[in-house]
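In case you want the letters, here they are:
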Amino acid sequence: MNPAGELVELEATRDLLRAAPLSVVRRGRVAFEQTEGVCCMAVGALSDIPMFNRVAGLGVERPATQAVIDAASAFFARAGVRFLVPLWPGAQPSAIADWLRSHGFENGYAWAKFRRGSGPFEAGATGLRVEEAGPERGVDLGAVVAEGYGLPGFVADWVAALCGRPGWHCFLALDGGQPAGAGALYVSGRTGWLGLGAVHPDHRGKGAQRALFAARFRAAAACGCELLVTETGVPMEGRPSFSYWNILAAGFEVAYVRPNYVSASP
């Protein structure tokens, strides 16, 4: 199984952590540690949101070991948070899931990984205008992401720091002069990862997600990308995923479902 989609997400995660301003690190109680091909990230101020407290890349760049799992568990114990281990179906060795369960991990909410080429996409009619956001629009981009997901202000400052950063292409959807939606593209070689897609609560239902997909696809093609990937939670009863259906409508296909294992209480 080709790990390209996992590797670009891992690289984007590492750079997201490197981009965090010192004020964000302090306010969010952000910590990270890299060892044996994995990246552990903890955001103590968001301890109730597992995706902000997770191990990225386990068994992807190199085979995992029980020592790596023990080291990750120790890192998160120091941070005082429960954490998530997303497990790529091709992760090595195949016994990782058994190791995790033996350490008290439980099955969490699974995510689907999607893939497509960088071909064009017709977003349909919308009154929104999409533009690439440079550093001068970072505040607007960060505000849309934070408010779209109901996250605190330090997340807005963190996202704002990505605008103009090498490898990152950030986009704003505007309704007149008002920021309505946001999305980012991270490019590594010929692979692009799409993330940080959000719509401001006051501007939902206006086609912002589709318009942002179209803009990022054009940017990816201009950068020479041949593969684009993204991910979101799988639909399940009582937990609909509108992003899942928007991603499919944008021409992605499900590459695989990635189980997430949640640690026991710290």
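Rules used in this analysis
- Residues numbered from 1 in each chain as written.
- Predicted model: local features only at pLDDT ≥ 70, side-chain atom pairs only at ≥ 80, totals over all residues.
- Heavy atoms only, no water.
- Helix = DSSP H or I, 4+ residues; strand = E, 2+ residues; numbered from the N terminus.
- Buried < 20%, exposed > 50% of the residue type's maximum accessible area, 1.4 Å probe, protein only.
- Lys, Arg positive; Asp, Glu negative; His and termini not counted.
- Salt bridge = Lys/Arg side-chain N within 4 Å of Asp/Glu carboxyl O.
- Polar contact = N/O pair within 3.5 Å; in protein donor to acceptor, adjacent residues only side chain to side chain.
- Axes fitted to C-alpha atoms, helices over the stretch in contact; angles between N-to-C directions.
- Parallel < 35°, antiparallel > 145°, perpendicular 65-115°, else oblique.
- Left-handed = near helix turned anticlockwise from the far one by under 90°.
- Contact = heavy atoms within 4.5 Å.
- Nonpolar A, V, L, I, M, F, W, Y, C, P; charged D, E, K, R; others polar.

Chemist: I'd like a description of unusual backbone geometry, backed by residues and values.
Modeler: With an omega of -5°, the peptide bond running from Gln 92 to Pro 93 counts as cis. Even without being a glycine, Glu 36 presents a positive backbone phi close to 50°. Among the secondary structure elements, Glu 36 is positioned in the loop between strand S1 (30-35) and strand S2 (38-43). Judged by relative accessible area, Glu 36 falls into the partly exposed class, the value being 46%. At Leu 196, a position not held by glycine, the phi torsion is positive, near 60°. By the element assignment, Leu 196 lies in strand S10 (residues 191-199). For Leu 196, a relative accessible area of 24% translates into the label partly exposed.

Chemist: Which residues make up the side chain of Arg 54, and what are the values?
Modeler: Secondary-structure assignment places Arg 54 in strand S3 (residues 54-56). One buried charged side chain, Arg 54, makes no salt bridge at all; its nearest oppositely charged neighbour is Glu 9, positioned 4.1 Å away. There is a polar contact of 2.7 Å between the side chain of Arg 54 and the backbone oxygen of Met 51.

Chemist: Before we move on, can you summarise the packing of helix H5 (residues 138-149) against helix H6 (residues 153-160) with the specific residues and values?
Modeler: Between H5 and H6, the shortest axis-to-axis distance is 7 Å and the interhelical angle comes to 135°. It follows that H5 is oblique to H6 by the angle criterion. Crossing hand, H5 versus H6: right-handed. Residues Gly 138, Val 139, Leu 141, Gly 142, Ala 143, Val 145 and Ala 146 of H5 pack against Ala 156, Val 159 and Ala 160 of H6. Taken together, the residues that form the contact of H5 with H6 break down as 8 nonpolar, 2 polar and no charged.

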